[in-house]
Amino acid sequence: MAVSDFSSQWPIPERRVLTGRWCRLEPLDPERHRDALFEAISGEHADAQHRFLADPIPTSRADFQAWLIPRATSEDPMYFAVIDLASGRTEGRQSLMDIFPGYGTAEIGHILWGPRIARSRVSTEAFFLLTDYVMTDLRYRRWQWRCNALNEPSRRAADRFGFTFEGIFRNHMVVKGKNRDTAWYSITDEEWPKIRARFIAWLDPSNFRADGFQVKSLRQ
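The sections below set out a description of the structure shown in this document. (Residues numbered from 1 in each chain as written. Predicted model: local features only at pLDDT ≥ 70, side-chain atom pairs only at ≥ 80, totals over all residues. Heavy atoms only, no water.)

As for the pattern of salt bridges
Here's step 1: This structure, assessed with the given rule, holds 17 salt bridges.
Here's step 2: Of the charged contacts, one joins Glu26 and Arg32 as a salt bridge, the two residues approaching to 2.7 Å between their closest N and O atoms.
Here's step 3: When its relative accessible area of 7% is taken as the criterion, Glu26 is described as buried.
Here's step 4: A relative accessible area of 55% places Arg32 in the exposed class. (Salt bridge = Lys/Arg side-chain N within 4 Å of Asp/Glu carboxyl O. Buried < 20%, exposed > 50% of the residue type's maximum accessible area, 1.4 Å probe, protein only.)

Structural notes on the side chain of Thr131
Here's step 1: Turning to its location among the elements, Thr131 is positioned in helix H4 (residues 121-137).
Here's step 2: Residue classification places Thr131 among the buried residues on the basis of a relative accessible area of 0%.
Here's step 3: When near neighbours in sequence (up to four residues on either side) are disregarded, Thr131 contacts Thr136, Trp143 and Trp192. (Helix = DSSP H or I, 4+ residues; strand = E, 2+ residues; numbered from the N terminus. Contact = heavy atoms within 4.5 Å.)

Digging into the pairing of strand E2 (residues 23-27)
Here's step 1: In the sheet, strand E1 (residues 18-19) pairs with E2 via 2 bridges, with the strands oriented antiparallel. Across the sheet, residue Thr19 finds its bridge partner in E2, namely Arg24.
Here's step 2: Summarising the sheet, E2 and strand E3 (residues 78-84) pair through 5 bridges and their orientation is antiparallel. By the bridge assignment for E3, Pro27 is matched with Phe80. (Pairing = 2+ DSSP bridges.)

Take a look at the structure:
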């Protein structure tokens, strides 16, 4: 969008299904996604998964249902379930948040990818589908990623996905009674076409061996 058009408002994101080769994003639905999502984010991996999240670890399906219901209708954050197309199961969740149509900016957040899809082509495509919707379809100017500055896996993921590190907001938040310094990252509309081409090449089936392992890394 040209500078002279900055007085215009960008489109407001919609709840819609986004489908790729390896996964599908569906607007969060308490009835449709509850059981499989509960299983994906609880159990032996739950402590590590929730360490840097404000959300408590769900202790029962009833408590989880109570958490799901208001988030399924929230406009910002707008939650999506991540469906692994190979199994058809819900294996994680993520959200589109801090949406500012007047500025053409938004953020991906509240990411919780279960252990069966974490660090895989499924979670990578889940990130790509939401990013491409915002940056290509809606033509937003800025896409953000932020996390606890101590969250090294999240910071490595931001680097892998092509974000630029912008700095740390010290004493930015209090999460679960503890101070949080927040690391900020972004992708701009000028950067996205080149980054997008890398994702498309990496996600192509020819980039994976029969066992599912990548031939070339996303950085390559």
